[in-house]
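Fold and geometry: a report
Below are the chains, spelled out letter by letter.
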Amino acid sequence: AEPSIPKPLNTTCPITGKAVNPAITFIYEDQTFAFADEASRQKFEADRAASIYQKLGGKAALDAAVELFYVKVLADKRVNHYFADISMAKQKRKQKEFLSAALGGPNPYVGKDLRTAHADLDGLNDSHFDAIAEHLQATLQELKVDSTLIAQAMAIVGSTRDAVLNRPVKH
Ligand code: HEM
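This write-up is about the structure you can find in this document. (Residues numbered from 1 in each chain as written. Predicted model: local features only at pLDDT ≥ 70, side-chain atom pairs only at ≥ 80, totals over all residues. Heavy atoms only, no water.)

Some words on empty space enclosed by the protein
By rolling a water-sized probe across the atoms, one finds the places where empty space is left. Tallying each qualifying case throughout the model produces one cavity of 30 Å³ or more. The space that makes up the largest cavity amounts to roughly 80 Å³. Surrounding the largest cavity, Leu 56, Leu 62, Ala 65, Val 66, Leu 99, Leu 103, Leu 136, Leu 140, Ala 153 and Val 157 form its lining. For the lining of the largest cavity, the secondary-structure elements that each account for two or more residues are helix H3 (58-74), helix H6 (126-142) and helix H7 (147-158). Per element, the largest residue contribution to the lining of the largest cavity is three residues, and it comes from H3. (1 Å grid on protein atoms, 1.4 Å probe; cavity = no way out; pocket = protein on both sides within 12 Å on 5 of 7 lines; lining within 4 Å. Points joined across faces, edges and corners; volume = space filled by probe spheres on them. Helix = DSSP H or I, 4+ residues; strand = E, 2+ residues; numbered from the N terminus.)

Remarks on the coordination of the iron atom of the ligand
Six octahedral donors around a metal ideally subtend angles of 90 or 180 degrees, whereas four tetrahedral donors ideally subtend 109.5 degrees. No protein donor other than His 118 (NE2) coordinates the iron atom of the ligand, and that contact is at 2.0 Å. With respect to the helices and strands, His 118 occurs in helix H5 (residues 114-118). (Donors = N, O, S within 2.8 Å, 3.2 Å for Na, K, Ca; no water.)

A closer look at the layout of surface pockets
Taken as a whole, the largest pocket encloses approximately 870 Å³ of empty space. Put simply, the parts of the chain that give the lining of the largest pocket at least two residues each are H3, helix H4 (88-102), H5 and H6. A total of six residues in the lining of the largest pocket trace back to one element, the largest contributor, which is H4. Residue composition of the lining of the largest pocket, grouped by class: 20 nonpolar, eight polar and four charged. Roughly 400 Å³ of volume is contained in the second largest pocket. Lining the second largest pocket are 18 residues, with Gln 31, Lys 59, Glu 97, Ser 100 and Asn 107 sitting closest to its centre. When contributions to the lining of the second largest pocket are tallied by element, the ones reaching two or more residues are H3 and H4. Sort the elements by how many residues they give to the lining of the second largest pocket and H4 lands first, with five residues. By residue class, the composition of the lining of the second largest pocket is six nonpolar, four polar and eight charged. Looking at which domains feed residues into the lining of the second largest pocket, each of domain 1 (1-50) and domain 2 (51-164) supplies at least three. (Nonpolar A, V, L, I, M, F, W, Y, C, P; charged D, E, K, R; others polar. Domains from an automatic or database assignment.)

Note that all results are geometric; they support no functional claim without further evidence.
The following block contains the structure:
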């Protein structure tokens, strides 16, 4: 077999924001991350181990959860009309990226901020947010996620409410 060509490494350290030393790396979920220094490598590794993301089961578990979540969302007349004209393949990918980052996954979220993403959704209110949150919670329960972990994940999701509903930022 041909030797596989290594992917180019990240050039900016995810911990310090400084230029990486390409010799200082850590592999997580088949992705190689480079760091500015050894302390950053260790912090990244410790952060991953402590993350809700990893406790949930990492990428495979998050991907499965988002798939099941949108089955529930699209079956719910309270909210499914909002998703009628959008690409669900893209939506699932973006939601996986957002939730992974929010729950402590290894990659930063690079999509639209949630305020901008939901700004044009007519009439969006707490009842819609509650329905969406309910489906996410039911999904995690169905996947037999530990209840403490579900509570932690739902607290993070709940913290997005003001942005999703385009409410003024609290000071
Ligand atoms: C529970 C909190 C929520 C989170 C974390 C969330 C997350 C996201 C993310 C990450 C995107 C993609 C942003 C991008 O384009 O880069 C998005 C888009 C979208 N969300 Fe949400 N969302 C939430 C609540 C809701 C609710 C309550 C509704 C409506 C019932 C909704 C409907 C939509 C729709 C229709 C889009 C696509 C907008 C477009 O492509 O024009 N979301 N959401």
